[in-house]
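Structural overview for review
Next come the chains, spelled out residue by residue.
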Amino acid sequence: MSDQTPKLQLLSPVTVGGQTLRNRVVLAPLTRARCTSTTDPFDPVNATPNDLLVEHYAQRASGGLLVTEATAVSEMGWGWRNAPKICTPEQVAGWKRVTEAVHEKGGVMYIQLWHGGRQTHSSFHPSTGKIFAPSAIACPNAKVKTIDGESVKAEVPTEMTLGNIKDTIQEFVTAARLSKEAGFDGVELHSGNGYLIDTFFQSSTNKRTDEYGGSIENRCRFLKDVVEAIIADGSYPSERIAFHISPQGNYGDMGSDDNFDQFVGIAKIMNPLGLAYVNMQDGLGFGFHEKDKIVTCADIRKVWDGPIIGNIGLTRDVAEGMIRSGAVDMCSWGRLYMSNPDLVERFTNNWLLAPEAPYQDWWRTDGGAEGYNTYPTYTPE
């Protein structure tokens, strides 16, 4: 650390899930679509981690925790070409190469398990020709991609039956079991950004009248059932399971007028399970629905005893202040970590940061290393 850089709590160790993380800098989950493109869109190779992913995560292994890009748990959960899955032995093997590369550098890595819900397109799901959601409510303004890359109006999803819900819970359980085989230290359940779990949470997208709809407790039930099923299956204990929320986000036409009470309630309901952490999009840089007041990490802290990760548009010093205030325990970066693979070292030494990766590098449809693994580390003058 340079003489000009104060001692940062951001760079101090923290314990998560019984593991000591060497610092509190987290690589945020961020869709990057760098699996190998194939002519046949249903070739599983285009959802299988490749050498690019191994190199990308290894480059960033000095962070305290790395969380993968959203990784589909099943055919029905997949909706983004060249985004990874964890369904086949080949995909498990591909991810195992990634975790081994990260572990060799002393890193800790969680996989983000993802079901796209109503933001997928039926062309990705040839076995059913459907998309699933808690209620038959389409994204009113959003466009989605077909398996061939065409941008089209979002479809009306099929309202999930109790049988569909049970099957989908099992898909998460199976994906968690495969994640353990692949060497991941834990799993983070993607419960934000208008994907399946988030649409169970929010009153604007969940109009069910059974045990999965209505009250705060009922709308949290799907997430709770998934977590408890993973624990019962034995792949991960509660302290290695996390979830990700985006209370203010409007991505996927999300936002509800009772979000403050709902998301604080979710944290309160999930708190007794003793989970690894909650990863929360606290800022407004990913959009704000303006339908209810903002939910902050400090609000969640009042009802949540475990670790909290803060995210969206943070500087090093803002993150440090959030940690010192007690509102969060760690902070995560996405595009800034893409363009600064040595982000921890730059924070440590007060080195100049490269600008955030441009949006097109976030999820390039042409794949390849450019804008993914081509960002240089800092070279002192």
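The structure presented is a predicted model; accordingly, all values stated were derived computationally and were not measured.

For the chain, the count of helices and strands is 11 helices and 14 strands. Taken along the three principal axes of its C-alpha coordinates, the chain extends 60 × 50 × 40 Å. Burial status across the chain gives 60% buried among its 381 residues. Sequence separation of 24 or more characterises 73% of the internal contacts of the chain that already satisfy a separation of 6 or more.

Enumeration over the complete set of coordinates arrives at 9 salt bridges. Across the salt bridge formed by Asp210 and Arg208, the nearest N and O atoms sit 2.8 Å from each other. Among the residues examined, Asp210 registers a relative accessible area of 21% and is labelled partly exposed. In this structure Arg208 comes out as buried when scored by relative accessible area, which is 7%. Linking Asp329 and Arg301 is a salt bridge whose minimum nitrogen-to-oxygen distance equals 2.6 Å. Taken together, the residues span a long stretch of sequence, with Asp329 in the loop between α8 (316-325) and β14 (330-333) and Arg301 in helix α7 (residues 297-301) at a distance of 28 residues. Its relative accessible area of 22% is what places Arg301 among the partly exposed residues.

We now examine the packing of aromatic side chains. Within the structure shown, the criterion is met by 12 aromatic pairs. Relative to Phe184, the ring of Trp95 has its centre 5.5 Å away and its plane inclined at 65 degrees; by these criteria the two rings are edge-to-face. Placement of the pair is Trp95 in helix α2 (residues 89-104) and Phe184 in the loop between α3 (162-181) and β10 (186-190), with a sequence separation of 89 residues. The class for Phe184 is buried, based on a relative accessible area of 2%. Ring geometry for Phe200 and Phe222: centres 4.5 Å apart, planes at 5 degrees, overall stacked.

Excluding glycine, a negative phi dihedral is what most residues carry, and trans is how most peptide bonds are arranged. Phi at Asn193 takes a positive value of approximately 55 degrees, unusual for a residue other than glycine. Mapped onto the elements, Asn193 comes out in the loop between β10 and α4 (196-201). You can call Asn193 buried: its relative accessible area is 11%. Even without being a glycine, Asn350 presents a positive backbone phi close to 60 degrees. Mapped onto the secondary structure, Asn350 falls in the loop between α10 (343-349) and α11 (359-362).

Take the nonpolar core next. Judged by nonpolar contacts, the single largest core of 81 residues is most densely connected at Tyr57, Leu113, Leu189, Phe222, Phe243, Met270 and Trp333. When residues in this core are grouped by element, the largest group, 7 residues, is from α3. Every residue in contact with Leu189, bar those within four places of it in the chain, is listed here: Leu113, Phe172, Ile197, Leu223, Val226, Val227, Ile230, Ile241, Ala242, Phe243 and His244. If you look at the next biggest cluster of nonpolar residues, it comprises 13 residues, including Leu21, Val26, Ala276 and Met330.

The next point concerns the sheet that holds β14. One closed barrel accounts for 8 strands, arranged β3-β4-β5-β10-β11-β12-β13-β14; its pairing is parallel. Taking the axes of each pair of neighbouring strands and ignoring which way they run, one obtains an average angle of 25 degrees across the sheet.

With 16 residues, α2 extends 22 Å from end C-alpha to end C-alpha; this agrees with the ideal 22 Å at 1.5 Å per step. Of the positions making up α2, those classed as buried are Gln91, Val92, Gly94, Trp95, Val98, Thr99, Ala101 and Val102. On its buried face, α2 is in contact with α1 (51-59), β4 (65-72), β5 (109-114) and α3. Positive backbone phi, at 85 degrees, marks Gly106, one or two positions downstream of α2.

A word on the side chain of Ser122. Note on placement: Ser122 falls in the loop between β5 and β6 (132-133). Given the relative accessible area of 15%, Ser122 is considered buried. There is a polar contact of 2.8 Å between the side chain of Ser122 and the side chain of Glu155. The residues touching Ser122, leaving out its near neighbours within four places in the chain, are Gly129, Lys130, Ile131 and Glu155.

About the cut-offs
The residue count restarts for each chain, going from 1 along the sequence in the order it is written. In keeping with the model being predicted, local features are shown solely for residues with a pLDDT of at least 70 and side-chain atom pairs are shown and tallied solely at 80 or more, while totals for entire chains, interfaces and linings include all residues. To obtain the side-chain values, all non-hydrogen atoms of the structure were used and water was disregarded. Working definition: helices are DSSP H or I runs of at least four residues, strands are E runs of at least two. Numbering for both runs from the N terminus. Only protein chains enter the accessibility calculation, which uses a 1.4 Å probe; a residue is then buried when its area is under 20% of its type maximum, exposed when over 50%, and partly exposed in between. Any two residues having at least one pair of non-hydrogen atoms within 4.5 Å are treated as being in contact. Whenever Lys or Arg places a side-chain nitrogen within 4 Å of a carboxyl oxygen from Asp or Glu, that contact is recorded as a salt bridge. Paired rings are identified among Phe, Tyr and Trp, the last through its six-membered ring, by centres lying within 6.5 Å, and are further divided according to the angle between planes into stacked (under 30 degrees), edge-to-face (over 60) and tilted (the rest). Remark: nonpolar core denotes a set of buried residues (Ala, Val, Leu, Ile, Met, Phe, Trp, Tyr, Cys) joined through side-chain atoms within 4.5 Å. Two strands make a pair as long as DSSP finds a minimum of two bridges between them. For helices, the fitted axis covers only the stretch in contact; all axes are lines through C-alpha atoms, and the angles between them, taken along N-to-C directions, range from 0 to 180 degrees. A helix is expected to reach a length of 1.5 Å times the quantity of its residues less one. Throughout this description, a polar contact denotes any pair of N or O atoms lying within 3.5 Å of each other; where both atoms belong to protein, one of them has to be capable of donating a hydrogen while the other can accept it, and for residues adjacent in sequence the pair is counted only when both atoms sit in side chains.

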